[in-house]
Amino acid sequence: GQLHGAIYQGGGALVGRSGGHGVRGLPAEAGGLLEALAQGERLDHTQWRTLLEARTPALAAEAAQRAAAVRDRIYGKRVFIRGLIEFTNYCKNDCYYCGIRHGNRATSRYRLTEDEILACCRAGYALGFRTFVLQGGEDPYFTDARLVRLVSAIKREFPSCALTLSVGERPQESYAALRAAGADRYLLRHETANAAHYRRLHPENQRLEDRMACLRALKALGYQTGAGFMVGSPGQTLDCLADDLVFLTAFRPEMVGIGPFLPHHQTPFAGEPAGSVEMTLYLLSLVRLALPAVLLPATTALGTAAGDGRERGVQAGANVVMPNLSPAGVREKYMLYDNKISTGSEAAECLDELRQRMQAIGYTVAVDRGDFAGISEGKV
Ligand code: SAH
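Residues numbered from 1 in each chain as written. Predicted model: local features only at pLDDT ≥ 70, side-chain atom pairs only at ≥ 80, totals over all residues. Heavy atoms only, no water.

**Here we look at the pattern of salt bridges**
Okay, step 1: Evaluated as defined, the whole model comprises 29 salt bridges.
Okay, step 2: Residue R310 pairs with E346 through a salt bridge whose shortest N-O separation is 2.4 Å. Taken together, the residues R310 in helix α13 (residues 309-315) and E346 in the loop between α14 (328-331) and α15 (351-360) connect sequence positions 36 residues apart.
Okay, step 3: When salt bridges with common partners are traced through the structure, they connect K155, D184, R185, R369 and D371 into a single cluster. (Salt bridge = Lys/Arg side-chain N within 4 Å of Asp/Glu carboxyl O. Helix = DSSP H or I, 4+ residues; strand = E, 2+ residues; numbered from the N terminus.)

Written out as structure tokens, the structure is:
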């Protein structure tokens, strides 16, 4: 608002009340931009790019501290848990980064039955989970009729729980039917907001504009909607990330999933380097500052890339973790990338380990639905 006008004036020119020295010895421009973000200002592409380019350990630490303070103010020192049920690894798509892509003939495919999925929910409920996330590849077996049946069955047995779907792109009528059946939330990462980069990550039949249309439809239907992207995916530049941040601050999703890209040996990106843990943490902080009430997971990919990734994610502003609630026998088959973890604090049945690890950094694991605390937008 008004205060910001005194600190930062359009066009990239820093006016700075502190005579150009910025915040606590940080580069003046980056410090001013962090301050502007904290004041609720929306940054443009150039400004985001400047903040991304200026990343140093000191700037990232400043961003993390501010982000954690914002998160604590809105949600307290509480981390929400979601029980993740990876119910099918069949997929008709061929995303170049993903280990369960259709073209990977070496993966052994599975899909859980409705009874098996309900059994996962029962086990999760007993452990304290009040949100279940059904995630899968784009599996044509799961027609609207089958998914609606499944959603209805889960919501009937667990009316106090939130149900999140993450099953990719579907027609708007399908999203509407699933919402009517009781689904509360939907995760659909936009993957990258840069059209040229999107083409680099997907075959031609997958289009960024379709992805975006799905996200808009989900929001309009009243889902708490999650977008997001990988950090360090092949071809990603700081300009791509600036595009992601511009998109997120315009779309204002209730949830944002961010994790490092990690290669899978049976994909076209097998030989590509993994994304940076530090850059991922920095982006978590920036997204927390830009969208204060966002539900922001410290993702499995972050936990895979660094043993203390969950803790560092929370310290950077995340407030959600999604332990694996899938039957043990299928976990190694839902391999989106090499070495994906599903044990220890990553496993729903080891919730005590997660509790201890969160307690060690001053946080408690919350047992409630953990809904979005801000004002949802985009409802029609
Ligand atoms: N089919 C669903 C679920 C996809 S898997 C959908 O399309 O939404 C969930 C997320 O895992 C993807 O959105 C992607 O961002 C991430 N992912 C896939 N492969 C990955 C990899 N190799 N490294 C890191 N993250 C990956």
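**A look at the sheet that holds strand β9 (residues 255-260)**
Okay, step 1: Reading across from one edge, β4-β5-β6-β7-β8-β9 is the order of the six strands in this open sheet, with parallel pairing throughout. With one partner strand each, in any of the chains shown, β4 (83-88) and β9 form the two edges of the open sheet. Across the sheet, the mean angle separating the axes of adjacent strands is 20 degrees when strand polarity is ignored.
Okay, step 2: One ladder, built from six bridges, connects strand β8 (residues 224-231) with β9; its direction is parallel. Among the inter-strand pairings, M230 is bridged to a residue of β9, identified as G259.
Okay, step 3: Here helix α10 (residues 238-251) sits on the sheet in contact with β8 and β9, set at roughly 170 degrees to β8. (Pairing = 2+ DSSP bridges. Axes fitted to C-alpha atoms, helices over the stretch in contact; angles between N-to-C directions. Contact = heavy atoms within 4.5 Å.)

**A short note on the packing of helix α3 (residues 45-53) against helix α11 (residues 277-290)**
Okay, step 1: Orientation of α3 relative to α11, taken along the N-to-C sense of each, is 140 degrees, at an axis distance of 11 Å. Our classification of the angle between α3 and α11 gives oblique. Note on packing geometry: the crossing formed by α3 with α11 is right-handed. Facing W48, L51 and L52 of α3, the residues of α11 in contact are M279, Y282, L283, L286 and A290. (Parallel < 35°, antiparallel > 145°, perpendicular 65-115°, else oblique. Left-handed = near helix turned anticlockwise from the far one by under 90°.)

**Things to note about the sheet that holds strand β10 (residues 320-321)**
Okay, step 1: The strand order across the open sheet formed by three strands is β10-β3-β11, and the pairing between neighbours is parallel. Of all strands in the sheet, those bounded by a partner on one side alone are β10 and β11 (364-366).
Okay, step 2: Here two bridges tie strand β3 (residues 78-81) to β10, and the two strands are oriented parallel to one another. Residue pairing in the sheet places I81 in a bridge with V321 of β10.

**Quick look at the site of the ligand**
Okay, step 1: Near the ligand you find 17 residues, and of these Y97, G136, R189, E191 and L262 are the closest.
Okay, step 2: Taken by itself the ligand offers 560 Å² of open surface, and the protein chains cover 92% of this.
Okay, step 3: By residue class, the composition of the shell around the ligand is nine nonpolar, five polar and three charged. (Near = heavy atom within 4 Å. Areas by Shrake-Rupley, 256 points an atom, 1.4 Å probe, with all protein chains shown as cover. Nonpolar A, V, L, I, M, F, W, Y, C, P; charged D, E, K, R; others polar.)

**Quick word on α3**
Okay, step 1: Turning to α3, its buried residues are Q47, W48, T50, L51 and L52.
Okay, step 2: Measuring from the side-chain oxygen of the N-cap residue of α3 to the backbone nitrogen of T46 gives 3.2 Å; that N-cap residue is D44. (Buried < 20%, exposed > 50% of the residue type's maximum accessible area, 1.4 Å probe, protein only. Polar contact = N/O pair within 3.5 Å; in protein donor to acceptor, adjacent residues only side chain to side chain.)

**Let's talk about the packing of aromatic side chains**
Working definition: an aromatic ring pair is given by the centre-to-centre distance plus the angle between the planes.
Okay, step 1: The full count for this structure, using the stated rule, is ten aromatic pairs.
Okay, step 2: Between the aromatic rings of Y96 and F269, the centroid separation amounts to 6.0 Å while the plane-to-plane angle is 75 degrees, which identifies the pairing as edge-to-face. With Y96 in the loop between β4 and α5 (114-127) and F269 in the loop between β9 and α11, this residue pair connects regions lying 173 residues apart in the sequence.
Okay, step 3: Residue Y96 is classed as partly exposed on the basis of its relative accessible area of 24%.
Okay, step 4: On the basis of relative accessibility, which here comes to 6%, the residue F269 falls in the buried class.
Okay, step 5: Taking 5.5 Å as the distance between ring centres and 70 degrees as the angle between the ring planes, the aromatic pair formed by F132 and F158 counts as edge-to-face. Here F132 is found in strand β5 (residues 131-136), whereas its partner F158 is found in the loop between α6 (144-157) and β6 (162-166), with 26 residues between them in sequence. Note on accessibility: F132 and F158 belong to one class, buried.
Okay, step 6: Taken together, F87, Y141 and F142 form an aromatic cluster joined through their ring pairs.
Okay, step 7: A cation sits over an aromatic face here: R111 above Y90, 4.1 Å from the ring centre. (Phe/Tyr/Trp six-rings, centres within 6.5 Å; stacked < 30°, edge-to-face > 60°. Lys NZ or Arg CZ within 6 Å of the ring centre and 35° of its normal.)

**Regarding the confidence of the model for the protein**
Okay, step 1: For the protein, the mean per-residue pLDDT works out to 92, and 92% of the residues sit at or above 70.
Okay, step 2: Low pLDDT, under 50, characterises residues 1-21; the predicted model gives this stretch 28 contacts beyond four residues in sequence or across chains. (pLDDT = per-residue confidence, 0-100.)

**Observations concerning unusual backbone geometry**
Okay, step 1: Not every positive phi belongs to a glycine, and E191 is a case in point at roughly 75 degrees.
Okay, step 2: Backbone geometry at N339 places phi at a positive 65 degrees, although glycine is not the residue there.
Okay, step 3: For N339, the location among the structural elements is in the loop between α14 and α15.

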